[in-house]
Amino acid sequence: MKNIVRLGWDVGGAHVKLAAFGADGRLKAVRIAACPVWKGADHLAGAVRELRSEFGPDATSAVTMTAEVADLWPDRHAGVVGTAALLMRELGGAPLALFAGPEGFVAPEQAAAHADTIGSANWYATAAVLAHLLPDGILMDIGSTTADLIPFGSGRVAARGFTDAERLANNELIYTGAVRTPVMALAAEAPFGGRWLPLMAEHYATTADVHRLAGDLPEGADLHPSADGGPKTEEASARRLLRMVGHDLTPATLPKAKALARHLAEAQTARLGRALDCVVSGLETEPGMIVGAGVGRFIAARLAERRSLAYLDLADVLTDDPDLAGQAADCAPAVAVGLLAAALSPA
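Residues numbered from 1 in each chain as written. Predicted model: local features only at pLDDT ≥ 70, side-chain atom pairs only at ≥ 80, totals over all residues. Heavy atoms only, no water.

1. Describing the nonpolar core
Link 1 in the chain: One finds Leu27 and Leu314 to be the most contacted residues of the largest nonpolar core, which totals 38 residues.
Link 2 in the chain: Those elements that place two or more of their residues in this core are β2 (15-22), β3 (27-34), α4 (122-133), β8 (147-153), β13 (290-293), α10 (322-330) and α11 (332-340).
Link 3 in the chain: Excluding residues that lie within four positions of it along the chain, Leu27 makes contacts with Ala19, Ala20, Phe21, Thr319, Leu324, Ala328 and Val335.
Link 4 in the chain: Counting 35 residues, the second largest nonpolar core, distinct from the first, contains Ile4, Ala59, Leu98 and Ile118. (Core = buried A, V, L, I, M, F, W, Y, C linked by side-chain atoms within 4.5 Å. Buried < 20%, exposed > 50% of the residue type's maximum accessible area, 1.4 Å probe, protein only. Helix = DSSP H or I, 4+ residues; strand = E, 2+ residues; numbered from the N terminus. Contact = heavy atoms within 4.5 Å.)

Take a look at the structure:
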């Protein structure tokens, strides 16, 4: 694609996301590729190379990352340094900067010195953009794997934690998502056939199956193989979900599988609702709005309605191009880091 001067990257442990900006500063394209970093650095390099190949060689790159948490690396520091080295190899033909949260952007050669602020700072990029655009609120970015609940206001990010450990402790990072979360992580038991059945501690099904059966899974959200490597149909999701309670799929159990999915979807919503209530309880005043991002932002919208809070879809904030709005909200940190890096580009 020609006339692209700046690329924003969110290099994750399961997906690589890319936002491309033109010389006029406007968002021109959004791309996403599934990338199982835990299987090897070559998967990450291949995804970056594939996405980069669509755009001209002179476009600058601004990168935020979460790939450092993948168990490919011995620890997060090594993950930041290793990911930075890989990015220099794949993107080093044009200027490249790494996002370091409140420290701004740093050169990739300085990754080791700034590893603590570079690692998993993608949420900060999105919240920082919102803090400049909106009066106050809570960002709920519910992705395929995790959810970020980030308060912002008075022009600043108001999170109580910064590292993953701190954000976990403050209910600002919840390891539950709309696609990849194993169903066994949602509840210990579920109602089925008039009884409460324990869920099997097996990776039989994921939240993609739950939300597909509940009718909420957005198109294009489920990019990784299913738990059994099988098809991504309603019938296949029902078969996988029923295994969680020791049952097989039959014409009689399909409606029961859908009821089970609705219950589990509600359990996930309740978990995120508890986290939201905890975050709100730490604010001096009630937030002005909930801003929903990520492929699971339908849950954020549901919670805003239940809490009688205003809801704003990030699709209505990051671009005025209706063809890109949904993708921009799905890949919010990539768009946000590109916007924050605008000062680094002649555009």
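Let's pick the thread back up.
2. Overview of the pairing of β2
Link 1 in the chain: In terms of burial, β2 is a largely internal element, eight of the eight residues being buried.
Link 2 in the chain: Of the two faces of β2, the one holding His15, Lys17, Ala19 and Phe21 and the one holding Val16, Leu18, Ala20 and Gly22 are both buried throughout.
Link 3 in the chain: Summarising the sheet, strand β1 (residues 4-11) and β2 pair through seven bridges and their orientation is antiparallel. Bridge assignment links Leu7 to a residue of β2, and that residue is Ala20.
Link 4 in the chain: Between β1 and β2, which pair antiparallel one after the other, the connecting turn spans three residues.
Link 5 in the chain: Counting the residues that bridge the hairpin from β2 to β3 gives four residues, and of these Gly25 lies at a positive phi of roughly 85°. (Pairing = 2+ DSSP bridges.)

3. Details of the environment of His43
Link 1 in the chain: Looking at the element boundaries, His43 is found in helix α1 (residues 41-52).
Link 2 in the chain: Apart from residues lying up to four places away in sequence, His43 is in contact with Cys35 and Pro36.

4. Quick look at the side chain of Thr117
Link 1 in the chain: Summarising the element assignment, Thr117 is placed in helix α3 (residues 115-118).
Link 2 in the chain: Here Thr117 falls in the buried class, since its relative accessible area comes to 14%.

5. Brief notes about the sheet that holds β3
Link 1 in the chain: An order of β3-β2-β1-β4-β5-β6 is seen for the six strands of this open sheet, with the pairing classed as mixed. Looking along the sheet, the strands with just one partner apiece sit at the ends: β3 and β6 (105-106).
Link 2 in the chain: In this structure, β2 lies alongside β3, joined through seven bridges in antiparallel fashion. Within β3, the position partnered with Phe21 by the bridge is Leu27.
Link 3 in the chain: Helix-sheet contacts for α10 involve β2 and β3, and the interaxial angle to β3 is about 50°.
Link 4 in the chain: Taken strand by strand, α11 contacts β1, β2, β3, β4 (60-65), β5 (96-99) and β6, and its axis lies near 135° from that of β1. (Axes fitted to C-alpha atoms, helices over the stretch in contact; angles between N-to-C directions.)

6. Things to note about the packing of aromatic side chains
Link 1 in the chain: This model, assessed by the stated rule, comprises five aromatic pairs.
Link 2 in the chain: Ring centres of Trp123 and Tyr124 lie 5.5 Å apart, and the angle between their planes is 75°; on these two criteria the pair is classed as edge-to-face.
Link 3 in the chain: Classification of Trp123 by relative accessible area gives buried; the value is 2%.
Link 4 in the chain: When its relative accessible area of 17% is taken as the criterion, Tyr124 is described as buried.
Link 5 in the chain: Among the aromatic residues, those joined into a ring-pair cluster are Phe99, Phe105, Trp123, Tyr124 and Phe162.
Link 6 in the chain: The ring of Phe21 carries Arg6 above its face, with NZ or CZ at 4.9 Å from the centroid. (Phe/Tyr/Trp six-rings, centres within 6.5 Å; stacked < 30°, edge-to-face > 60°. Lys NZ or Arg CZ within 6 Å of the ring centre and 35° of its normal.)

7. What about the pattern of salt bridges?
Link 1 in the chain: The tally for this structure, following the rule as stated, stands at 20 salt bridges.
Link 2 in the chain: Through salt bridges with shared partners, a single ionic network connects Asp209, Arg212, Asp222, Asp228, Lys232, Arg240 and Arg243. (Salt bridge = Lys/Arg side-chain N within 4 Å of Asp/Glu carboxyl O.)

8. Remarks on the packing of helix α7 (residues 234-243) against helix α8 (residues 254-281)
A packed helix pair is summarised by two numbers, namely the angle formed by the two axes and the spacing between the axes.
Link 1 in the chain: Interhelical geometry of α7 versus α8 gives an angle of 75° and a closest axis separation of 9 Å. Classified by the angle their axes make, α7 and α8 are roughly perpendicular. Facing Glu234, Ala238, Leu241 and Leu242 of α7, the residues of α8 in contact are Leu254, Ala257, Lys258, Leu260, Ala261 and Leu264.
Link 2 in the chain: A per-class count over the contact of α7 with α8 returns eight nonpolar, no polar and two charged. (Parallel < 35°, antiparallel > 145°, perpendicular 65-115°, else oblique. Nonpolar A, V, L, I, M, F, W, Y, C, P; charged D, E, K, R; others polar.)

9. Points about helix α2 (residues 76-91)
Link 1 in the chain: Between its first and last C-alpha, α2 extends 21 Å over 16 residues, near the 22 Å set by a 1.5 Å rise per residue.
Link 2 in the chain: Residues Gly79, Val80, Gly82, Thr83, Ala84, Leu86, Leu87 and Leu91 constitute the buried set of α2.
Link 3 in the chain: Along its buried surface, α2 packs onto β1, α1, β4, β5 and α3.
Link 4 in the chain: One side-chain oxygen at the N-terminal end of α2 lies 3.2 Å from the backbone nitrogen of His77; it belongs to Asp75. (Expected span 1.5 Å × (residues − 1). Polar contact = N/O pair within 3.5 Å; in protein donor to acceptor, adjacent residues only side chain to side chain.)

10. A look at the state of the cysteines
Link 1 in the chain: Overall, the coordinates contain zero disulfides when judged by the stated rule.
Link 2 in the chain: No disulfide involves Cys35; its sulfur sits 14 Å from that of Cys331, the nearest cysteine.
Link 3 in the chain: By relative accessible area, which is 0% here, Cys35 ends up buried. (Disulfide = S-S within 2.5 Å.)

11. Thoughts on the packing of α8 against helix α9 (residues 297-306)
Link 1 in the chain: In the contact formed by α8 and α9, the axes pass within 10 Å of each other and the chain directions differ by 65°. Here α8 runs over α9; the crossing is right-handed. Residues Glu266, Gln268, Thr269, Leu272, Gly273 and Leu276 of α8 lie in contact with α9, whose contacting residues are Ile299, Arg302, Leu303 and Arg306.
Link 2 in the chain: Residue classes in the contact of α8 with α9 are distributed as four nonpolar, three polar and three charged. (Left-handed = near helix turned anticlockwise from the far one by under 90°.)

12. Side note on the pairing of β5
Link 1 in the chain: On β5, burial covers both faces: Leu96 and Leu98 on one face and Ala97 and Phe99 on the other are all buried.
Link 2 in the chain: Sheet topology places β4 next to β5; three bridges connect them, and they run parallel. Residue pairing across strands places Val63 opposite Leu98, the latter belonging to β5.
Link 3 in the chain: As for the winding sense of the linkage, the β-α-β connection from β4 through α2 to β5 is right-handed.
Link 4 in the chain: Of the strand pairs in this sheet, β5 and β6 are connected by two bridges, and their pairing is antiparallel. Following the sheet pairing, Leu98 is matched in β6 by Val106. (Right-handed = clockwise from strand over helix to strand, strands pointing away.)

The quantities given are spatial measurements derived from coordinates; they are silent on function.
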